[in-house]
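Listed here are the chains, written in short residue letters.
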Amino acid sequence: LPPRIALSSTTDVTTIASPTTGLMVYNTNAAITSGNGCGYYYYNGTKWVNFIAGKHYIGESWGGGKVFWVDETGDHGLVSSLSDQNTGYGIQWYNGTNVAVGANADGVYAGAMNTAKIIAVQGSGSYAAKLCDNYSITTNNICYTCWYLPSKYELQLMWVQRVMIGNFNTSNGIYWSSTETTSAPTTSAWEEEFKYGAQYEDLKYSQDPVRCIRKF
């Protein structure tokens, strides 16, 4: 296992003093200056070089937002929108009807399936999943669509990277996930408090903030 260190930049020669040409490390600093986020780097005698330059990385501004999770290939991952999609304090999870919609999936990419199930049952209206389904953003003349309400697990991944993504309500914001609870799926769904990272079950009529994501 190579050393795990936080390189400040690709020209950092103080974190490891006078690195030897060919030295390999695992950089843990997603905000490395002039680099490609976290990952394996080697020192070429002048600077640190990422082994998979050109791949996606955590902290990358891409796809209409910020990349906050990537798989081991660097080709696939998750993007968070840069701001909350709700107006005011928050928005309810349901569309006025308490019913279990089968949105019980969890894990990476699971929120997309949950969102589709919620909308299939709840229909048109103003509620958390539909807010994400309607969301789009144009960056550099490219319109990014296909956003969805994150699953419980995806929401936790967002909390871990909350500082890097930015603009979360970390004082009293409790964000909706798309995952229904197993104890009371008819009336409640999972949410996450973004100050400390705790997850709770809450009634679907509660008004919570919403942050949408998309997969690539």
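Above this text is the structure in question.
To start, this report covers the structure provided alongside it. All figures in this text were calculated on a predicted structure; none of them were measured in a lab.

The rules we used
Residues numbered from 1 in each chain as written. Predicted model: local features only at pLDDT ≥ 70, side-chain atom pairs only at ≥ 80, totals over all residues. Heavy atoms only, no water. Helix = DSSP H or I, 4+ residues; strand = E, 2+ residues; numbered from the N terminus. Buried < 20%, exposed > 50% of the residue type's maximum accessible area, 1.4 Å probe, protein only. Contact = heavy atoms within 4.5 Å. Areas by Shrake-Rupley, 256 points an atom, 1.4 Å probe, with all protein chains shown as cover. Lys, Arg positive; Asp, Glu negative; His and termini not counted. Charge placed at Lys NZ, Arg CZ, Asp CG, Glu CD. Pairing = 2+ DSSP bridges. Expected span 1.5 Å × (residues − 1). Arc of directions from axis to C-beta.

### Re the overall build of the protein
Counting its secondary structure elements, the protein contains four helices and 13 strands. Taking the principal axes of the C-alpha coordinates as reference, the protein spans close to 65 × 35 × 30 Å. Looking at the 216 residues of the protein, the share that counts as buried comes to 46%. A separation threshold of at least 6 residues defines the contact pool for the protein, and within that pool the share at least 24 residues apart is 56%. In the structure as shown, the protein presents an accessible area of about 10,200 Å², 52% of it carried by carbon and sulfur atoms. The average position of the 13 basic charges and that of the 16 acidic charges among the side chains of the protein differ by 5 Å.

### Regarding the pairing of strand β3 (residues 39-43)
When strand β2 (residues 24-27) meets β3, the two strands line up antiparallel, connected through four bridges. Among the inter-strand pairings, Met 24 is bridged to a residue of β3, identified as Tyr 42. If you look at the hairpin formed by β3 and strand β4 (residues 48-50), you'll find four residues sitting between the two strands, and Gly 45 has a positive phi there, around 100°.

### Describing helix α1 (residues 110-122)
When the terminal C-alpha atoms of α1 are compared, their 18 Å separation across 13 residues agrees well with the 18 Å that a helix rising 1.5 Å per residue should span. Those residues of α1 lying buried are Ala 110, Gly 111, Asn 114, Thr 115, Ile 118, Ile 119 and Gln 122. Angularly, the buried residues of α1 cover 155° about the axis, an arc narrow enough to put them on a single face. Summarising the contacts, the buried residues of α1 are in contact with α2 (128-134), α3 (152-160) and β10 (174-180). Gly 123 sits one or two residues past α1 and shows a positive phi near 75°.

### What to know about the sheet that holds strand β13 (residues 213-215)
The strand order across the open sheet formed by four strands is β5-β6-β7-β13, and the pairing between neighbours is antiparallel. In this open sheet, the two strands that pair with only one neighbour each are β5 (61-62) and β13. Pairing of β5 with strand β6 (residues 65-70), which is carried by two bridges, proceeds in the antiparallel orientation. Bridging from a neighbouring strand, Trp 62 pairs with Gly 65 of β6.

Taken by themselves, the reported measurements are silent on function.
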